[in-house]
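Report on the structure
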Amino acid sequence: MLDINTGRFVMGEGLELYPGMKREDFYKSKIFKEELRHSEDKDNYTDRLYDLRVQNIDGFLMDISVMFSSHDYLEEITLSKPEYYDWPNWPEDKTEEEYAYEIKAYNDAFVAKQLEGTEGMGPNLGYYPTKPWGYIRSNFNLRHMPHVEVVISYNKVPILEAAGYTFGKRSPLDIIRGNMNKEE
């Protein structure tokens, strides 16, 4: 369950991800020790992206990837109905568009469950306004190949500022490229 006020995402007992989570904390977590999809990832301490086993979160089976920033903080959690990742081998009795919309409806129901009981849900199901910690979105795009995923994205600027990074004298392009230096 996602705590919309703090951004803490709990997938199950001892399976928590949260804003400001450092990569080293992830390595110590039950998620890293027990829930990685590929066992060889346990020996990989340099990847930015880790795929997890399919998780049952609040009654929804979700395929999950966890991504870290170049500064070693949790940046994004990407989730979708597991069948999404079978593309392009989707059922042949439906159009690709029809099946993508079915997955979108499933993902939207997941987001609605995460936001259950909260105020201020946006006008579109699966969309919630940005919070100081970040946001949750149910994304959908049919250009090129279908893109049907839920994204929990964390705002790293306050975390990096607290760690001593400054942004005031850098251009937005430098910030995007990661050209930030810690204040000495």
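These lines cover the structure that appears in this document, whether it is placed above or below. Every value quoted in this text rests on a predicted model; they were computed, and no experiment measured them.

Once that is clear, we can look at the pairing of strand S4 (residues 60–68). Of all nine residues in S4, seven are buried; the element is thus mostly enclosed. With seven bridges connecting them, strand S3 (residues 49–57) and S4 associate as antiparallel partners. Pairing of Asp51 across the sheet is with Ser65, part of S4. Between the end of S3 and the start of S4, which pair antiparallel, lie two residues, with Asp58 showing a positive phi angle near 55°. Examined bridge by bridge, S4 and strand S5 (residues 74–80) share six bridges and lie antiparallel to one another.

Across its 19 residues, helix H3 (residues 96–114) extends 27 Å between first and last C-alpha, which sits within 8% of the 27 Å expected from 1.5 Å per residue. Listed in full, the buried residues belonging to H3 are Tyr99, Ala100, Ile103, Lys104, Asn107, Asp108, Phe110, Val111 and Gln114. Taken together, the buried residues of H3 touch strand S1 (9–12), S3, S4, S5, strand S6 (134–141) and strand S7 (147–154).

Considering all chains together, one arrives at seven salt bridges under this definition. Asp72 is paired through a salt bridge with Arg23; the nearest N and O atoms lie 2.8 Å apart. Of this pair, Asp72 sits in the loop between S4 and S5 while Arg23 sits in helix H1 (residues 23–28), and the two are 49 residues apart along the sequence. One continuous salt-bridge network, built from bridges that share partners, spans Arg48, Glu75 and Lys156.

With that out of the way, let us pick up the side chain of Ser29. When you line up the elements, Ser29 lands in the loop between H1 and helix H2 (30–34). Within the structure, the side chain of Ser29 is placed 2.6 Å from the backbone oxygen of Phe26, a separation counted as a polar contact.

This part covers a negative patch on the surface. Negative charge collects at one region of the surface, where Glu92, Asp93, Glu97 and Glu98 lie side by side. Tracing the backbone shows Glu98 in helix H3. The exposure class of Glu98 is partly exposed, given its relative accessible area of 42%.

Attention now moves to the sheet that holds S3. As summarised here, the arrangement of the five strands in space is S3-S4-S5-S7-S6, forming an open sheet in which the pairing is antiparallel. Each edge of the open sheet is held by one strand with a lone partner, namely S3 and S6. Across the sheet, the mean angle from the axis of one strand to that of its neighbour is 25°, orientation sign disregarded. Strand contacts of H3: S3, S4, S5, S6 and S7, with the helix running at about 165° to S6, the strand carrying the most contacts.

Of all hydrophobic cores here, the largest spans 31 residues; its most connected members are Phe9, Phe26 and Leu79. Counting residues per element, this core draws most heavily on S4, at five residues. Dropping the residues within four chain positions of it, Phe9 is found in contact with Met1, Leu2, Leu15, Glu16, Leu17, Ile57, Ile77, Leu79, Phe110, Gln114, Ile152 and Tyr154. In this structure, Trp90, Tyr99, Ile103 and Val148 belong to the second largest nonpolar core, which totals six residues.

The rules behind the values
- Residues numbered from 1 in each chain as written.
- Predicted model: local features only at pLDDT ≥ 70, side-chain atom pairs only at ≥ 80, totals over all residues.
- Heavy atoms only, no water.
- Buried < 20%, exposed > 50% of the residue type's maximum accessible area, 1.4 Å probe, protein only.
- Helix = DSSP H or I, 4+ residues; strand = E, 2+ residues; numbered from the N terminus.
- Pairing = 2+ DSSP bridges.
- Expected span 1.5 Å × (residues − 1).
- Contact = heavy atoms within 4.5 Å.
- Salt bridge = Lys/Arg side-chain N within 4 Å of Asp/Glu carboxyl O.
- Polar contact = N/O pair within 3.5 Å; in protein donor to acceptor, adjacent residues only side chain to side chain.
- Patch = residues over 30% accessible without salt bridge, like charges linked within 9 Å, V, L, I, M, F, W, Y side chains within 5 Å.
- Areas by Shrake-Rupley, 256 points an atom, 1.4 Å probe, with all protein chains shown as cover.
- Lys, Arg positive; Asp, Glu negative; His and termini not counted.
- Charge placed at Lys NZ, Arg CZ, Asp CG, Glu CD.
- Axes fitted to C-alpha atoms, helices over the stretch in contact; angles between N-to-C directions.
- Core = buried A, V, L, I, M, F, W, Y, C linked by side-chain atoms within 4.5 Å.

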